[in-house]
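Residues per chain are reported as follows:
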Amino acid sequence: MGLFDRFFAKSATTVLHITSPNGFHLRPAAVFSTEAKKFAASIEAETRGQSVDAKNLNALLSLNLEKGDHFDLVCKGRNAQEALEALTAVFEKLMQEDKAVEQIDKTAQRYEGEALEGEIIGQGIAIAPLWQYSERHYKVESDTDFHAALESVNTALAAEYEANKTQPESAIFLAQRSLLETLSQKAQTLEAFEAAVNDATATLEGGAMAAKITDYRDLLGRVKSAMGYKTEVAWPATPFVLLADDLLPSQVEQLPQTLEGVVLQKSSLTSHTAILLRAAGIPSLIVRDTVDTTGKPVILDGFASVLVVNPTPHDLETAKRLLTQSQNQKEAQHARRFDTATTTSGTEIKVLANVTDPASARAAKEAGAEGIGLLRTEFLFQERRPSLQEQTEAYKAIFSLFDEITVRTLDVGGDKALPYIDLPKEPNPFLGIRGVRLFESHPDLIAEQLKAIFTAAAGKPLKVMFPMVDSVETFTKAKAFAKAVAAKENLDISAVAFGMMVEVPSVLFLLPEFNEVVDFYSIGTNDLNQYLYAIERTHPTLSLDPRSEALFRAIEKVASEAKKPVSICGELAGDGEATARLIEAGITTLSVSPGLVAQTKERIRHV
Ligand code: PEP
Ligand code: MG
């Protein structure tokens, strides 16, 4: 059909078949009717003698279309043919993808073989022979003495923190560095260091902090390795499920390609090893019962939380089916990463990303983020103070990628240092010169940053937020400072909105006053949680519940009292276990690390 005919075609019809086992339910129907609204043509869905407007979601749902049903799609008027083709393509895609995102049955599977109950570290299915961990120790010549070894471990941990800093698990490396510092103050020789580690682990054994034992052992292993005391593991060359008492956090990064899953017998769900296994997406369980069937195939079902030690052929078939289903689900999540995320009751939740530089912003775009909810600017220029031009170019590169951007002014201090900013040595840096307090202590630095940000935005809409705001006066002063910079430099900031992080608990009690002055709020759950419980977020031995009740209630309070838009940009935003409660509280914007965007969207679609 030629261009002219396509434009003027009066009517076009096709038959669409429901192939998804879930039927033409809310989510695909919502996407379909949204697409339909983009066309001027009238678009109707007709079935069983009933005809409804396909642009109207409720009308479309009233057709109750189940798998096996079909309906006529009838487009009439301007661009009817074009609408028909586009909607047919959208419909086919929706049907295909909806098949794959069927939820995996997470309740106990019925296995015939002996199934040992466990606790889930990382979800997933693994089918392979069980292999018992074993290691060999040996010594190589080394010139590295104890103090040099401490230094090299410290440097390696700093580098690992740097490499992972956009991920929540990066705090592990900070915590280990701080443990190392404490231990090295006590010990001047390897023997004394080993004795200090043994003392510390003996105290922790069986207690609430037992999860930290692997961190102590890891540090000892790292120091010894730097001094030539090596440990070798002969990993199997064919697929296997690992059985071990526990693993060291540093070993998780070195696990071989042939590893399918991990069963630990003496670990805990909050250990750093467990956090890293989960972050690496490795199916893994803690199983405390004795397991003596090494060498034989097992099923590790990280959904039903069981290790099937003697699977029957039927069990193996079931597990293979679940494995395919879970792989399909991951692929479907990835395929749907650019689609909007709508809950089952039809609320659209915006999923933005937390980024630190142009590379992570590009990664966020590719991961399906709808914008940037938090640009952490302090990580942009780690090594040296950047020139105004360097800053401006970096911001421009990031701003050009998305329409929605929230940039945070420097949040140095606490756990975030910059070598070229001289902050006073404080006994409690988390309670000292941090975040927006730099406006007073380092006005030139902040003025230069604001100038670079405003120049890069070049009059386009942008959200600028201040970290660690603790009073209305702090906010109004910071905003006045920013406006003065713009006025002095003659920069247009008419499209800039000014907001704040909610991360200092005082803010929770001042919301009516803040409502009068801010344009938006972004809840920083990492800091808010640490300040609510008075536990440093990087503390080596005290642990902070990332899903603490006080944190949820604080969020609920903000969501109900705020009169301006609220989003969440702390780690809780990307925590799948928290999604439903955050949405129930009324939160409609989540900003998560780029690696969690697709997963978070899928989670939302099931709320
Ligand atoms: C937070 O505190 O939750 C937050 C998002 O900011 P940061 O982790 O950079 O302090
Ligand atoms: Mg913070």
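These remarks concern the structure in this document.

The rules behind each value
Residue positions are given per chain, counted from 1 along the sequence in the order it is written. All chains are assigned letters beginning at A, and all ligands numbers beginning at 1, according to the order in which they are written. Two thresholds apply to this predicted model, a pLDDT of at least 70 for residue-level local features and 80 or more for giving and counting side-chain atom pairs, whereas whole-chain, interface and lining totals are computed over all residues. Excluding hydrogens and water, the side-chain values take into account all heavy atoms of the structure. Helix and strand assignments follow DSSP, with helices taken as H or I runs no shorter than four residues and strands as E runs no shorter than two, numbered in order from the N terminus. Whenever a nitrogen or oxygen atom comes within 3.5 Å of another N or O atom, the pair is scored as a polar contact, on the condition that within protein one atom can donate a hydrogen and the other can accept it, and that pairs from neighbouring residues in sequence are kept only if both atoms are in side chains. A donor here means any N, O or S atom no more than 2.8 Å from the metal (3.2 Å for Na, K and Ca); water is not included, so a site may seem to lack partners. Classification of residues uses two cut-offs on accessible area relative to the type maximum, computed with a 1.4 Å probe and protein chains only: under 20% is buried, over 50% is exposed, and between them is partly exposed. Fitting a line to C-alpha atoms yields each axis, with helices limited to the stretch in contact; the angle taken between N-to-C directions then spans 0 to 180 degrees. Helix crossings are classified by the rotation of the near helix relative to the far one: an anticlockwise turn of less than a right angle makes the crossing left-handed, while a clockwise turn makes it right-handed. By definition, residues are in contact when any of their heavy atoms lie within 4.5 Å.

## Description of the environment of Asp-411
- As for its position among the elements, Asp-411 is in the loop between strand E18 (405-408) and helix H14 (438-441).
- The spacing of Asp-411 and Val-436 is 25 residues in sequence and 6.9 Å in space, taken between C-alpha atoms.
- At 3.0 Å, the side chain of Asp-411 and the side chain of Arg-434 are in polar contact.
- In this structure the side chain of Asp-411 is engaged in a polar contact, spanning 3.4 Å, whose partner is the backbone nitrogen of Gly-435.

## Here's the deal with the coordination of the magnesium ion (ligand 2)
- Ligation of the magnesium ion (ligand 2) by protein atoms is provided by Glu-503 (OE) and Asp-527 (OD), these donors lying 2.0 to 2.1 Å from the ion. Of this pair, Glu-503 sits in the loop between strand E20 (496-502) and helix H17 (511-517) while Asp-527 sits in helix H18 (residues 525-533); the two residues are 24 residues apart in sequence, bridging distant segments of the chain.
- Relative accessible area serves as the criterion here: at 2%, Asp-527 is assigned to the buried category.

## Overview of unusual backbone geometry
- The backbone phi angle of Asn-79 is positive, close to 60°, even though this residue is not glycine.
- On the secondary structure map, Asn-79 appears in the loop between strand E4 (70-76) and helix H4 (80-100).
- Taking relative accessible area as the criterion, Asn-79 reaches 18% and is therefore assigned buried.
- At Ala-534, a residue that is not glycine, the phi angle is positive and equals roughly 55°.

## Regarding the packing of helix H15 (residues 443-457) against helix H16 (residues 472-489)
- Where H15 contacts H16, the two axes come as close as 9 Å, and the packing angle between them is 65°. H16 is crossed by H15, and the crossing has right-handed handedness. Where H15 abuts H16, its residues Pro-443, Ile-446, Ala-447, Leu-450, Lys-451 and Phe-454 lie against Phe-481, Ala-482, Val-485, Ala-486 and Glu-489.

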